[in-house]
Amino acid sequence: MKPIDWKVIAQEGEARAGILRTRRSVIETPVFMPVGTQGTVKGVRYEWLESELDARIILGNTYHLFLRPGAEIIRELGGLHRFSTWNRSLLTDSGGFQVFSLTDLRKLTEEGVEFRSHIDGSKKFLSPEVSMEMQAALGAEIVMVFDECPPGDAGFDQTRKSLEMTARWAKRSKTRFDELQESGMDTGFLSEEGSAVTDSLSLPSEKLIHNLQPPATAEPSSDLSGQQALFGIIQGAGHLPLRRESLDLTTAIGFDGYAIGGLSVGEEKTVMYDVLEFLAPQMPSQAPRYLMGVGTPEDLIEAVSRGVDMFDCVMPTRNGRTGGAFTSRGKLNIRNAKFARDSEPLDAECPCSVCRRYSRAYLRHLYQTGEMLAAILISHHNLAFFLDLMRKVRDSIKLGRFSRFRKDFLEKMPENA
Ligand SMILES: [Zn+2]
């Protein structure tokens, strides 16, 4: 039995609408996954994510949870689902990306990476095996292989060396992952009796939902194994032949899904779009394709049109904390003095509870006076905007109107907003 199931239900060009079933929830794709770095989506309670926002899957960061509170405490408390009370799907990254961002604090060998904690400077070690052990302790539905992320401007030879190591690490990740599954170390395992938490997936009541079909409620999935799924990661920076090489090495090992790593790390936008256009259609068509760490609303739409199914990005909450709001007319910053007397909502077209109630002037006032509610409300709106956008994308693919939707959406966006 498989740990996850993913099926295409509609396709327009390369853009695909699908249904992804995990042991804990039913997820319509293309999907945007809010990032819950420390086991929390910053400033947004799970109650909101479950009801109005109706997020079916969120991310957890292995690096951060590895440092605090650590694998031992999380395992002792029953895994990240039980510890945090989030009962829908989780995806955890491998920790690699964060470790490789610590350029001065790390030592890389074939075995793994030694680094100093950014919190207290203590020595730590991450490897494919340690990452898999940590991710089994977290118990997410989808686990990522431990990969090396070379800098975005790495040359051809350096990138090739790196992706070859990533492939060796992917194999080691899979070996350790399989052992952990077999020995029952996955805290999120669901036996048949305990499968799928259906009550947290009741029909969302808010207006945000304008799906053509009723939201996919979770049926206990007796055809799923109850285990974790493991995704491979394709590297190769902006070098197309290397992307192809990495794809071949990764698919030869065989994973439940495939991610595209090493994009949105400072390269030009056109590089990202070129890589996606080249790579996505060559990726296995029967498995979900996940573009890691991307991106802006425009990026999401451009990537969907090239065949990507899954996304995550900290932008909605990170920008929300600094007063940045995403809207159907581009970004706005609530700090701007021109909003001081503006009684309009952040986005008149947004059906979220923040836009239905609060004005830009009030939100600006909260921000200017340092009220924590400013960050909470703008983060909430931003997530609503991203999740609502993906709903519209899915609906338009199902109706065969995606290319029209894409054109209309991009036309409304001012350049360099
Ligand atoms: Zn809103």
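Residues numbered from 1 in each chain as written. Predicted model: local features only at pLDDT ≥ 70, side-chain atom pairs only at ≥ 80, totals over all residues.

**Overview of the overall build of the protein chain**
Applicable threshold: Per the convention used, a helix needs a DSSP run of H or I reaching at least four residues, while a strand needs a run of E reaching at least two, with both numbered from the N terminus. Only C-alpha atoms enter the radius of gyration; for comparison, a globular chain is expected to reach 2.2 Å times N to the power 0.38, where N is the number of residues. Two residues qualify as being in contact provided that their C-beta atoms, derived from the backbone, are within 7 Å of each other.
Looking only at helices and strands, one finds 15 helices and 16 strands in the protein chain. Its C-alpha radius of gyration of 21 Å places the protein chain within 12% of the 22 Å reference for a compact globule of 417 residues. In terms of overall dimensions, the protein chain has C-alpha extents of about 60 × 50 × 50 Å along its principal axes. For the protein chain, the share of sequence-separated contacts (at least 6 apart) that also reach a separation of at least 24 residues comes to 72%.

**What about the environment of Asp-223?**
This is how the line gets drawn: Exposed residues have 12 or fewer other C-beta atoms within 10 Å of their own C-beta, buried residues have 20 or more, and partly exposed residues fall in between, where C-beta atoms are placed from the backbone.
Of note, Asp-223 is situated in the loop between α7 (156–182) and β11 (229–234). Exposure remark for Asp-223: the 9 C-beta atoms within 10 Å place this residue in the exposed category. For the pair Asp-223 and Tyr-362, spaced 139 residues apart in the sequence, the C-alpha separation amounts to 50 Å.

**Topic: the confidence of the model for the protein chain**
Note: predicted coordinates in regions of low pLDDT should not be interpreted at a detailed level. In plain terms, the rule: Every residue is assigned a pLDDT by the predictor, reflecting its confidence on a scale from 0 to 100.
Residue-level pLDDT values for the protein chain average 92, and 92% of them are 70 or greater. Confidence drops under pLDDT 50 across residues 195–216; counting only partners more than four residues distant or on other chains, this segment forms 48 contacts.

**Remarks on helix α9 (residues 269–279)**
Going by this rule: In this description, one arc is meant: the one made by directions from the helix axis to the C-beta atoms.
Where α9 is concerned, the buried positions are Met-272, Val-275, Leu-276 and Leu-279. Each buried residue of α9 sits inside an arc of 95° when the element is viewed along its axis, so together they form one side.

**Looking at the sheet that holds strand β8 (residues 113–116)**
Note the threshold: One requirement defines pairing of two strands: DSSP has to find at least two bridges between them. Where helices are involved, their axes are fitted lines through C-alpha atoms of the stretch in contact, as for all axes, and angles between N-to-C directions lie from 0 to 180°.
Here 3 strands make up an open sheet; going across it, the order is β7-β8-β9 and the pairing antiparallel. Only two strands of the sheet have a single partner each, and these edge strands are β7 (106–108) and β9 (123–126). The average angle at which neighbouring strand axes cross in this sheet is 20°, direction not considered. When β8 meets β9, the two strands line up antiparallel, connected through 4 bridges. Bridge assignment links Phe-115 to a residue of β9, and that residue is Lys-124.

**Brief notes about the sheet that holds strand β3 (residues 26–29)**
What the 3 strands build is an open sheet, ordered β1-β2-β3; its pairing is antiparallel. Taken across any chain shown, the strands that pair with only one partner, and hence form the sheet edges, are β1 (5–12) and β3. Within the sheet, the average angular offset between the axes of one strand and its neighbour, ignoring direction, is 15°. Where β1 lies against strand β2 (residues 15–21), 7 bridges are found, and the strand directions are antiparallel. For Val-8, the partnering residue across the bridge sits in β2 and is Gly-18. Sheet strands touched by helix α14 (residues 372–398): β1, β2 and β3. Its angle to β2, the strand with the most contacts, is close to 115°.

**Observations concerning α14**
Convention followed: For a helix, the expected span equals 1.5 Å multiplied by the residue count minus one.
Under the 1.5 Å per step criterion, the end-to-end length of α14 is 40 Å for 27 residues, consistent within 8% with the ideal 39 Å. Downstream of α14 by one or two residues, Gly-400 has phi in the positive range, about 70°.

**A look at the domain arrangement of the protein chain**
How we decide: Domain start and end points were adopted from an automatic or database domain assignment. As a working rule, the residues Ala, Val, Leu, Ile, Met, Phe, Trp, Tyr, Cys and Pro are called nonpolar, Asp, Glu, Lys and Arg charged, and the rest polar, with Gly in that last group.
Domain boundaries assigned for the protein chain yield domain 1 (5–313) and domain 2 (320–412). The C-alpha-based centres of domain 1 and domain 2 are spaced at 26 Å. At the interface, 29 residues of domain 1 touch 29 residues of domain 2. Elements supplying a minimum of two residues to the side of domain 1 that touches domain 2: β1, β2, β4 (31–36) and α10 (297–305). When residues of the side of domain 1 that touches domain 2 are assigned to their parent elements, the largest contribution, 6 residues, is made by α10. Considered class by class, the residues forming the side of domain 1 that touches domain 2 number 17 nonpolar, 5 polar and 7 charged.

**Thoughts on the packing of helix α6 (residues 128–138) against α7**
Applicable threshold: For classification purposes, angles smaller than 35 degrees are called roughly parallel, those larger than 145 roughly antiparallel, those between 65 and 115 roughly perpendicular, and all remaining angles oblique. Throughout, a crossing is termed right-handed when the near helix is turned clockwise from the far one, and left-handed when it is turned anticlockwise from it by less than a right angle.
The interhelical angle for the contact between α6 and α7, taken along N-to-C directions, is 40°, at an axis separation of 8 Å. Classed by the angle they form, the pair α6 and α7 counts as oblique. The handedness of the crossing between α6 and α7 comes out as right-handed. In this structure, α6 uses Pro-128, Glu-129, Ser-131, Met-132, Glu-133 and Ala-136 to contact α7, whose residues at the interface are Trp-169, Arg-172, Ser-173, Arg-176, Phe-177 and Leu-180. Across the contact of α6 with α7, the residue classes tally to 6 nonpolar, 2 polar and 4 charged.

**Side note on unusual backbone geometry**
In this model, Thr-29 is joined to Pro-30 through a cis peptide bond whose omega is 0°. Topologically, Pro-30 is positioned in the loop between β3 and β4. Here the amide bond leading from Arg-68 into Pro-69 is cis, since omega sits at 0°, within 30 degrees of zero. Inspection of the secondary structure puts Pro-69 in the loop between α2 (62–67) and α3 (71–76).

**A short note on the pairing of β3**
The side chains of a regular strand alternate between the sheet's two faces. Residues of β3 alternate between two faces, with Val-26 and Glu-28 on one and Ile-27 and Thr-29 on the opposite face, all of them buried. Direction of pairing for β2 relative to β3: antiparallel, over a ladder of 4 bridges. Residue Arg-21 lies in a different strand from β3, and its bridge partner there is Val-26.

**A closer look at the nonpolar core**
Rule in force here: Think of a nonpolar core as buried Ala, Val, Leu, Ile, Met, Phe, Trp, Tyr and Cys residues chained together by C-beta atoms that fall within 7 Å.
Judged by nonpolar contacts, the single largest core of 113 residues is most densely connected at Met-33, Ile-58, Phe-231, Ala-259 and Leu-291. Considering every element that reaches this core, the biggest residue donor is α14, with 14 residues. Both domains that meet at this core, namely domain 1 (5–313) and domain 2 (320–412), each give it at least three residues. The contact partners of Leu-291, leaving out residues within four places of it in the chain, are Ile-260, Leu-263, Ala-303, Val-308 and Phe-311.

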